[in-house]
Amino acid sequence: MRLSRYFLPVLKETPSEAQIVSHRYMLRAGMIKQASAGIYSWLPMGFKVLRKLENIVHEEQMRAGHIPMLMPTMQSADLWRESGRYDGYGEEMLRVQDRHGRDMLFSPTAEEMFTDVFRSHVKSYKDLPLTLYQIQWKFRDEIRPRFGVMRGREFYMKDGYNFDLTKEDALHAYNRHLVSYLRTYERMGLQAIPMRADSGPIGGDYTHEFLVLAETGESEVFYDSEITELKFGDREIDFDNVAQCQAVMDEFTSRYARTDETHDKALFDQVPEDRRRVARGIEVGQIFYFGTQYSDALGATVQTPEGGSVPVHMGSHGIGVSRLLGAIIEASHDEKGIIWPEGVTPFHCGIVNLKQGDEAADGACDALYKSLVALGLEPLYDDRKERAGGKFATMDLIGLPWRITVGPRGLKNGVVELTCRRTGESEELPPEQAVEKIA
Ligand code: ATP
Ligand code: MG
Ligand code: MG
Ligand code: MG
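Residues numbered from 1 in each chain as written. Chains lettered and ligands numbered in written order. Predicted model: local features only at pLDDT ≥ 70, side-chain atom pairs only at ≥ 80, totals over all residues. Heavy atoms only, no water.

1. Concerning the sheet that holds strand 21 (residues 402–406)
We count it as follows: Strands pair, by our definition, only if DSSP identifies at least two bridges between them. For the purposes of this entry, the term helix denotes a DSSP run of H or I that reaches at least four residues, the term strand denotes a run of E that reaches at least two, and both are numbered from the N terminus. Inter-axis angles, ranging from 0 to 180 degrees, are taken between N-to-C directions of lines fitted to C-alpha atoms, where helices are fitted over the stretch in contact. The contact definition used throughout considers only heavy atoms, calling two residues in contact when any of these lie within 4.5 Å.
Overall, mixed pairing links the 5 strands, which are arranged 20-19-21-22-23 in an open sheet. Only two strands of the sheet have a single neighbouring strand rather than two, namely strand 20 (379–382) and strand 23 (426–429). Recorded for the sheet is a direction-independent mean angle of 20 degrees between the axes of neighbouring strands. For strand 22 (residues 416–420) and strand 23, the ladder comprises 4 bridges, and the chain directions are antiparallel. The residue of strand 23 that forms the bridge with Leu418 is Glu427. Across the sheet, helix 11 (residues 359–374) lies against strand 19 (349–353), strand 20, strand 21 and strand 22, angled at about 170 degrees from strand 19, the strand it touches most.

2. Things to note about helix 6 (residues 167–187)
The α-helix advances 3.6 residues per turn, and as a result positions three or four apart in sequence lie on the same side. Condition: Here the expected length of a helix is defined as 1.5 Å per residue gap, with one fewer gap than residues. Burial classification: accessible surface area is computed with a 1.4 Å probe over protein chains only, and a residue below 20% of its type maximum counts as buried, one above 50% as exposed, and the rest as partly exposed.
Here helix 6 spans 30 Å end to end across 21 residues, near enough to the 30 Å set by a 1.5 Å rise per residue. Most of helix 6 is tucked away: 16 of the 21 residues are buried. At the exit of helix 6 stands Gly189, carrying a positive phi of roughly 75 degrees.

3. Remarks on the packing of aromatic side chains
To describe a pair of aromatic rings, one takes the distance between the centres and the angle between the planes. Convention followed: Any two of the Phe, Tyr and Trp rings considered here, Trp counted by its six-membered ring, make a pair once their centres fall within 6.5 Å; the pair's planes then place it as stacked at under 30 degrees, edge-to-face at over 60, or tilted in between. Here, a charge over a ring is recorded when the distance from Lys NZ or Arg CZ to the ring centre is within 6 Å and its angle to the ring normal is within 35 degrees.
Under the defined criterion, the tally for this structure stands at 17 aromatic pairs. Plain terms: the ring middles of Tyr256 and Phe268 are 5.0 Å apart, the flat faces sit at 40 degrees to each other, and that makes the pair tilted. Here Tyr256, found in the loop between helix 7 (242–253) and strand 12 (257–259), pairs with Phe268, found in helix 8 (residues 265–268); they are 12 residues apart in sequence, far enough to count as distant. The class for Tyr256 is buried, based on a relative accessible area of 9%. The buried category is assigned to Phe268, whose relative accessible area is 7%. Aromatic side chains Tyr369 and Tyr381 sit 6.3 Å apart centroid to centroid with 50 degrees between the ring planes, which places their arrangement in the tilted category. Linking Tyr369 in helix 11 with Tyr381 in strand 20, this pair joins segments that are 12 residues apart in sequence. A network of ring pairs unites the aromatic residues Trp42, Trp137 and Tyr156 as a single cluster. If you follow Lys48 out to its NZ or CZ, it ends over the ring of Phe347, 4.3 Å from the centre. Taking NZ or CZ as reference, Arg95 lies 4.7 Å from the ring centre of Tyr86, over its face.

4. A few points about the site of ligand 1
Inclusion rule: Only heavy atoms are used to decide nearness, and a residue is near a molecule or strand if one of them lies within 4 Å of it. For the purposes of these results, a polar contact is taken to be a pair of N or O atoms within 3.5 Å, where, inside protein, one atom must be able to donate a hydrogen and its partner to accept one; residues adjacent in sequence count only when each atom of the pair is a side-chain atom. Every accessible area reported is derived by Shrake-Rupley at a probe size of 1.4 Å, with residue values counting cover from the shown protein chains alone. We call Asp, Glu, Lys and Arg charged. Ala, Val, Leu, Ile, Met, Phe, Trp, Tyr, Cys and Pro are nonpolar, and the rest, Gly among them, are polar.
The environment of ligand 1 is made up of 14 residues, and the closest members are Glu142, Arg151, Gly152, Glu283 and Arg323. Residue Gln286 places a side-chain N or O atom 3.0 Å away from an oxygen atom belonging to ligand 1. In this structure, an oxygen atom belonging to ligand 1 sits 2.9 Å away from a side-chain N or O atom of Arg323. Alone, ligand 1 offers 580 Å² of accessible surface; in the complex the protein occludes 81% of this. Contributions of two or more residues to the shell around ligand 1 are made by strand 8 (154–164) and strand 13 (276–291). Residue composition of the shell around ligand 1, by class: 5 nonpolar, 4 polar and 5 charged.

Dropping the structure here:
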């Protein structure tokens, strides 16, 4: 992409309404524009990163054997009355009436819709296990929308629902989700720690939230520092292998790690003092096993091998896809701007032409651009007639992992400058070698 033909409305001024760094940088880098409180337009670069995150989530869900589909955002209140949640959900639910006076709502989550699809089509244990999911916009009329996309009212969420014959099978689905989430966050360059969370009135131990440590996080968290040393890495997982998924679950959840809702001081005190950490975190996902709550209420039953009929065991599992943009920036930035992890960067590298209009510089930039594209990479070429300082500031702000700087002086010696955004280190080298390093 040539910057002169792109739409990247960078702001010079720091927007005063933005209290935290990710919100500031997303506005300044022209990624989002607020449409109304907690509701954002996704400008091209923000949209590009959102799509990248969404793709990673899809790939990892499908790898785990989960099946994508799509539910409507506008839902009839009747289904929610059947589950008993219409009245109970409270003010976060946006309720509207259609022209016939029928009650509708903008989906804040979709347990009812998925259970309804399930009960309409699945009748036998032979069709289980089944995990369906979607990535779809949600609406929650948050009392205090803030921090940009981190606590929006309209936000993009992956929500998945497992349907299983037994509790045991459903717990395997729970573990499968934990494993797939660990992979997902690591691919995004994030460490998200599974922490025991509050399962509410249903009780049981079966819910974990995934938290990214950050000072601006809204949750207070307590953990054993050993947990931050765990890496999922590139281990091969067979998602059908119950023991293997259970082993990952045990490994990642055996150390103390809890949010304030479930914090137990006596247990925490058993962690060696030098490993006890109290910090703040951003909730980027949650997994939940809730048994037959919805299948009982909505009559989602299947025939058993013995010929009887039982309600299915279910769980629901969410990832805050749009919130992740904010979380990634909170976890990876400096005073100049964003530092995108390789896996989610909107462009792989920037090309800065120090002297637009100079034949040698223009030619070298074009050639670099072509060779990067030929390797399947996406460069962003700043081909505007701007001062070098302004071009550098823009590149630093938008945080691409690499920058290649091309100028007539270097070209006389056959070199360009390659700069790593994360370390700030630069080296001069021939253009072909710069391309090799990036690829
Ligand atoms: P929170 O505690 O932050 O209000 P939640 O527990 O209500 O989140 P869930 O119902 O668990 O949210 O939804 C799954 C995921 O969706 C959350 O882990 C979070 O990443 C994301 N999410 C929830 N609410 C919002 C929001 N208002 N804006 C952006 N993302 C959100
Ligand atoms: Mg909430
Ligand atoms: Mg929560
Ligand atoms: Mg939650």
